[in-house]
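# Overview (structure and organization)
So the chains spell out like this:
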Amino acid sequence: HLSQKSDLRARRILTRSTFATKAQTVKKTLQAGAAAGKESFSALQEERREQAERSVLISCPPNINQKKFLDYISKHGHVQNHFFYQSYGIYAVVEFSTKDSITALKANCTIPSVQHEAAVPFKSRLLSLKWTGQGSQSNASNTLKLQKHLPIPINELSQHLSKQESIDQQLQCLTDLYQLTEENISLRFLVCSLLRDIAAAYFPECIIRPFGSTVNSFGKLGCDLDMFLDLDGISGQNQRKGSGLSLEYQVKQGTSERTVTQSVLSVIGECVDQFGPGCVGVQKILNARCPLVRFAHQPSGFQCDLTANNRVAMKSSELLFVYGKLDARVRHLVFAVRCWARVHGITSSIPGAWITNFSLTVLVLFFLQRRTQPLLPTLDQLRDLADPSDQCIIEGNDCTIVSDLSKIKLQKNTDTLEKLLQEFFEFYGNFAFSSTSINIRKGKEQNKPESTPLHIQNPFETGLNISKNVNTTQLERFVALCRESAWLLEQKEVLKRNAGQSADVVPPWGLAALLLPSVAQSAGVKGRRKKKHHPASERIKTLLESLKSSSGGAGAKQSAV
Ligand code: GTP
Ligand code: MG
């Protein structure tokens, strides 16, 4: 038995060292996963959704003792996973092995009696743990590990980046620091599941699914939570054949899909507002192109957008996920470009004429398709590789893409991230935006069908432009910043970390230099106004001077040594 055990351990170690390089690991996991049907987008989402249904969210007293907490919670069932985080107070996410444990836990919960006010007796899976006054409360040696759910500030990020040895490492470091953690994704699925419990009062078969950056693999800590209310499971067709009779529900009818969506969202929004614990600032934005209910979920700290009837957006999220899976460089480049754009006010959290993160991601994908050795396949190629079971038509649009990623054969592109970043800026710094449209379905520039400043064909609804909102000023700012950045990445002061600078504070270089506040002053509304008084060349001059002086300083130090 013992030798069996050590044999197992040895094999595990061997397995680990066999998959030494990251690229190999990703490839092997993908192949193995795809073979097992596990890595497919929908299987992954389904697994996370099911985990969330077995989970509860508990607000804890500040001096909570982890052991005591787990002992108490485990009385109701086996705890499969748990973690703590800080939002407005300390919270715990607890995942039980089975749903029954939640029933057992809820049987022990009471509705609080509130003074001067009255409680809505809605029994959700958002709970509060209280001390009853018995037993000792805290433990001096209690060191609770709290998960981080927000990105580090830009100056800290810059320090981390500057300490890396190469630009490639900088891009990898940025992704590591910014990407959503497994715990954060679990919390996002749990919030969807909690909201589903509210919507299920009307539509018991409904599902609330996250989409957008929560699931497309490009999400940054702190990004919003996009959700859609999926009612498709309701209209199942299992009529009894042969009897000559059939039964159907009597239903209310709306004048269009849109009006039905609006009325459903209006009612669910009202319930979220009136009954949803922790849901605040509910706004119904029902006249938007895609009607939505927006609110903040306080216990998680997420800004939430709930939509309905939004299958194409889900498919777009899957498409981005697939592209992100194909080559690790895709995510690194997208994270870098998204961060660069945010810092320089190219993108904004306020809706308006800015380029969105979605458009920006499509710009990166298109650039990667346009390499001499294309790094990514076209969307048409992804469709052609699809199995019959992958076929997906939504409102007349062919949204089919291959789900078995092992079928995709990539070309041999060995470009470094440094080269890709530099050439991304060159590519769009010189792109013929006025005459051409960006088309990832064909992987080629197309003639622009309309005269909007920026035309990026919607991958699935091909008659639409995903960047219709972008005005000439914003496009010009994007192009100018691309040119600036391309130029900066040609300067030797920017390209190399200064030799001998291993001290705690390393002057910004490489990607960190591209994010510098002196260039980035234009971030935010205030900055944009300011920018008018500071021409780009002047800002670049200042930046380079500061870089030169810091590298000069380092050099002087070195020669003195
Ligand atoms: P964040 O900025 O991190 O939230 O990125 P995101 O990808 O989640 O973008 P956003 O929240 O703006 O939109 C959510 C999803 O809706 C996107 O991932 C797309 O799938 C879809 N989407 C956003 N904008 C458009 C658009 O203009 N057209 C279409 N067809 N889909 C869009
Ligand atoms: Mg989003």
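Residues numbered from 1 in each chain as written. Chains lettered and ligands numbered in written order. Predicted model: local features only at pLDDT ≥ 70, side-chain atom pairs only at ≥ 80, totals over all residues. Heavy atoms only, no water.

Moving on, we get to the packing of aromatic side chains. In this description, an aromatic ring pair is defined by two values, namely the gap between the centres and the angle between the planes. In this structure the tally under the stated criterion is 21 aromatic pairs. For the ring pair Y202 and F203, a centre distance of 6.4 Å and an interplane angle of 45° mean the geometry is tilted. The partly exposed category is assigned to F203, whose relative accessible area is 24%. Ring plane angle 20° and centroid distance 6.0 Å describe the contact between Y428 and F433, whose orientation is recorded as stacked. Residue Y428 is classed as buried on the basis of its relative accessible area of 0%. Through a chain of ring-to-ring contacts, the aromatic side chains of W340, F366, F367, F424, F425, F427, Y428, F431, F433 and F478 assemble into a single cluster. When the ring centre of F302 is taken as reference, the NZ or CZ atom of R188 above it lies at 4.4 Å. (Phe/Tyr/Trp six-rings, centres within 6.5 Å; stacked < 30°, edge-to-face > 60°. Buried < 20%, exposed > 50% of the residue type's maximum accessible area, 1.4 Å probe, protein only. Lys NZ or Arg CZ within 6 Å of the ring centre and 35° of its normal.)

Of all residues adjacent to ligand 1, which total 15 residues, the nearest are S213, D224, D226, N357 and N458. At 2.8 Å, a side-chain N or O of D224 approaches an oxygen atom of ligand 1. At a separation of 3.4 Å, an oxygen atom of ligand 1 approaches a polar backbone atom of A313. Elements with a minimum of two residues in the shell around ligand 1: α10 (311-326) and α12 (357-369). With three residues, α10 is the largest single contributor of residues to the shell around ligand 1. Looking at the shell around ligand 1 residue by residue, the class counts come to five nonpolar, seven polar and three charged. (Near = heavy atom within 4 Å. Polar contact = N/O pair within 3.5 Å; in protein donor to acceptor, adjacent residues only side chain to side chain. Helix = DSSP H or I, 4+ residues; strand = E, 2+ residues; numbered from the N terminus. Nonpolar A, V, L, I, M, F, W, Y, C, P; charged D, E, K, R; others polar.)

Further remarks concern the packing of helix α7 (residues 167-178) against helix α14 (residues 417-429). Close contact between α7 and α14 brings their axes to 7 Å; oriented N to C, the two are set at 85°. Our classification of the angle between α7 and α14 gives roughly perpendicular. Between α7, through I167, D168, L171 and Q172, and α14, the contact on the second element is made entirely by L417, E418 and L421. (Axes fitted to C-alpha atoms, helices over the stretch in contact; angles between N-to-C directions. Parallel < 35°, antiparallel > 145°, perpendicular 65-115°, else oblique. Contact = heavy atoms within 4.5 Å.)

The five strands lie next to each other as β6-β7-β10-β9-β8, forming an open sheet whose pairing is mixed. Looking at which strands have only one partner, the edges of the open sheet turn out to be β6 (207-211) and β8 (279-285). For this sheet, the mean inter-axis angle between neighbouring strands, taken without regard to orientation, is 25°. As paired strands, β6 and strand β7 (residues 225-230) are joined by five bridges and run antiparallel to one another. (Pairing = 2+ DSSP bridges.)

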